[in-house]
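# Remarks on the overall topology
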Amino acid sequence: MNTRDFRTLFGVTLRRQRFAFAAWIGSFCLILAILPNTYRNNLGSMKLRASVIEMMDSNAATRLLFGRIPHPGTLGQVIQWESGMLISIFTAIAAILIVTAVGRRSEDDGLRELIEGTGVSRTTVFAVQAGIGATFSLGAGVLCGLTLAAQVPLLPEISVAGTIALALAISLVGCAFSAVALIVSQLADDAVRARRLFLMFLLLAFALRIVAEASGASWMRWLTPLGWKEQIMPFVEDRFIYAIPAAAIGLALTALAWRLYSGRELHGAYLRSAHRSTAHLHVGSIFSLAFRLGRYRLVSWSLGIVSMAAFVGSMAGSFVTLTKKNPNYEDLMTKMSGGGDPSSQIVSIFSVLIGILLICESASAISSLADTEKRGILDAELASGASRRGVIVAQALTAMAESAILAALGAVALSVTVGLSLDWESGRDVAWQAFTQWPAAVCLIGVGCLFYAISRRLTAAAWALVGWSFVIAWFGGILNLPKWLLNMKLLGWSFSPTDSQHIPQALGLLAIGIAASALATIVYRRRDILTS
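Basis of the calculations
- Residues numbered from 1 in each chain as written.
- Predicted model: local features only at pLDDT ≥ 70, side-chain atom pairs only at ≥ 80, totals over all residues.
- Heavy atoms only, no water.
- Helix = DSSP H or I, 4+ residues; strand = E, 2+ residues; numbered from the N terminus.
- Buried < 20%, exposed > 50% of the residue type's maximum accessible area, 1.4 Å probe, protein only.
- Axes fitted to C-alpha atoms, helices over the stretch in contact; angles between N-to-C directions.
- Parallel < 35°, antiparallel > 145°, perpendicular 65-115°, else oblique.
- Left-handed = near helix turned anticlockwise from the far one by under 90°.
- Contact = heavy atoms within 4.5 Å.
- Nonpolar A, V, L, I, M, F, W, Y, C, P; charged D, E, K, R; others polar.
- Salt bridge = Lys/Arg side-chain N within 4 Å of Asp/Glu carboxyl O.
- Core = buried A, V, L, I, M, F, W, Y, C linked by side-chain atoms within 4.5 Å.
- Phe/Tyr/Trp six-rings, centres within 6.5 Å; stacked < 30°, edge-to-face > 60°.
- Lys NZ or Arg CZ within 6 Å of the ring centre and 35° of its normal.

Time to look at unusual backbone geometry. With a phi angle near 65°, Phe 235 is a residue other than glycine that sits in the positive phi range. With respect to the helices, strands and loops of the structure, Phe 235 is situated in the loop between helix H11 (228–232) and helix H12 (243–262). According to the relative accessible area criterion, Phe 235 is buried, its value standing at 8%. Positive phi values are uncommon outside glycine, yet Asp 238 reaches one of about 50°.

Here it is as structure tokens:
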């Protein structure tokens, strides 16, 4: 491997991924910068905290998702219990997106062929792909650790050793999943299918962790990277020695990826797609084509939203009891929800969580529109006689229909589980409030279509709106942001028969979405269609 070629190619690749690095790692650091002080202000004394820990551990859903809260429940232990788990999962998701973007996606677009045509060896190309994944994982761990370490002088319950252990755990989990992303990139025949394979592996890894927690078999945690944090035990025993076998597993996975990579031809795959055939695709209209292209997305998001709704809904009773017993926690819920009795606060927060998933799916649907142009599908549509206006309208209406279906499924699942866990009156209210998050999805779809109509590259800006709305809706009240800033969000404008004060805002979101979609049909006629 030529060292100079590696440095050059690595630098170029890192520059191309700089925004993805900044967005993901910056989000992790923001969470760890906000939560410690919030926990200190709202968890109360150690005596009161003990009752909170006992209550959370008694909830089976919470215990299986996050594990048991370490005792005695210091700030560091609570942070690594909840935030450490969430950051590990999101690090895995970021790893597949970044590694497949620089690996399989570049190969699909012909970039790898161009690079190797300049004399760069296959070994160098693979080393850069592996290096980018490792750099992201190490960067996420180190910067998360530094974010917590900076708060050690202010928060005695956070130790330097625990901070290092948590940073090490996050880095190791990220490196392992980056290696898995390299493996599935060799197995699948394109980036989209590689990501689907990875998500299946992530679900399997999470299922193994749940089995390990349910059975109490600690050795099973070694079978999944999502269980390594519990083995290292940050802020409890800080078992740094356990990082050695975890690192060895990561290296073994990387070696397997190299073995598969070296034995595969360019544009080849070990698992050829079963969907490839010589049959022609017959669709009745551009609307049916848009729906057909998005059917897998709809099914996967349906499973995700129903599962999440069922999970959080099952904890409604525990959260209401905790809110009533802990004045500090009640104050936190009031800031997040805007006020009301404990039941209405939990209902409002749960509905916003469903809304977050809805707008994420809507942004994904708009991103698929840019992908159809990039893959040449749009050229085929236009060549068949479809108008540009029809394509935009079809995609917008299909995305709105998908989000309505998902909102209904989430509302039903949340209503049933909240009704069983709390009471059926709250179940009815949460169904209304979850479904009426749909106008936020409509608004995002319209604005996203307008971004796409202006330029294909601007389509990713829809995700910026998702991130902004999430931060303002979830953390705005905690950070005591000005009211005018809190109002600049897509989420939280739901209503129900007993609470109709947000109907004007919901109608406003619908109007913005429809107007933006209409404007997109005009703007779209004035730009070129570029097939990558």
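More follows now that the structure is in view.
At a minimum axis distance of 8 Å, the contact between helix H19 (residues 388–421) and helix H20 (residues 424–435) shows a crossing angle of 165°. Classified by the angle their axes make, H19 and H20 are roughly antiparallel. Relative to H20, the crossing made by H19 is right-handed. Along its contact with H19, which presents Ala 404, Ala 407, Ala 408, Ala 411, Leu 414, Ser 415, Val 416, Val 418, Gly 419 and Leu 420, the element H20 presents Trp 424, Ser 426, Gly 427, Arg 428, Val 430, Ala 431, Ala 434 and Phe 435. Considering only residue class, the contact of H19 with H20 consists of 13 nonpolar, four polar and one charged.

The subject of this paragraph is the pattern of salt bridges. Tallied over the entire structure, the rule returns 15 salt bridges. Across the salt bridge formed by Glu 116 and Arg 112, the nearest N and O atoms sit 2.7 Å from each other. Of the two residues, Glu 116 and Arg 112 both sit in helix H7 (residues 111–117), four residues apart, roughly one turn of that helix. Look at Arg 112 and you get buried, because its relative accessible area is 2%. Because the salt bridges share partners, they merge into one network encompassing Arg 209, Glu 213, Arg 221, Lys 229 and Glu 230.

Let us now look at the nonpolar core. Judged by nonpolar contacts, the single largest core of 90 residues is most densely connected at Ile 158, Phe 177, Phe 198, Phe 350 and Leu 414. In terms of nonpolar packing, the next biggest core, distinct from the first, is built from 19 residues, Ile 392, Cys 449, Tyr 452 and Ala 453 among them.

Within the element layout of this structure, Thr 74 appears in the loop between helix H4 (60–66) and helix H5 (75–102). When sequence neighbours within four positions are dropped, the list of residues in contact with Thr 74 reads Arg 49 and Glu 157.

Below, the discussion takes up the packing of aromatic side chains. Applying the stated criterion across every chain, the model contains ten aromatic pairs. Taking the centre distance of 5.4 Å and the plane angle of 75° together, the rings of Phe 21 and Phe 136 count as edge-to-face. Taken together, the positions of Phe 21 in helix H2 (residues 18–43) and Phe 136 in helix H8 (residues 122–149) put the pair 115 residues apart, joining distant regions of the chain. Take Phe 21: its relative accessible area is 11%, and that puts it in the buried class. Looking at Phe 136, the relative accessible area reads 1%, which means it is buried. Taking 6.2 Å as the distance between ring centres and 80° as the angle between the ring planes, the aromatic pair formed by Phe 177 and Phe 201 counts as edge-to-face. With Phe 177 in helix H9 (residues 160–187) and Phe 201 in helix H10 (residues 191–215), this pair connects stretches of sequence that are 24 residues apart. For Phe 177, a relative accessible area of 0% gives the class buried. The rings of Phe 126, Trp 258 and Tyr 261 are connected pair by pair, giving a single aromatic cluster. Taking NZ or CZ as reference, Arg 122 lies 5.1 Å from the ring centre of Tyr 261, over its face. Across the ring face of Trp 493, the terminal group of Lys 489 is positioned such that the distance to the ring centre comes to 5.5 Å.

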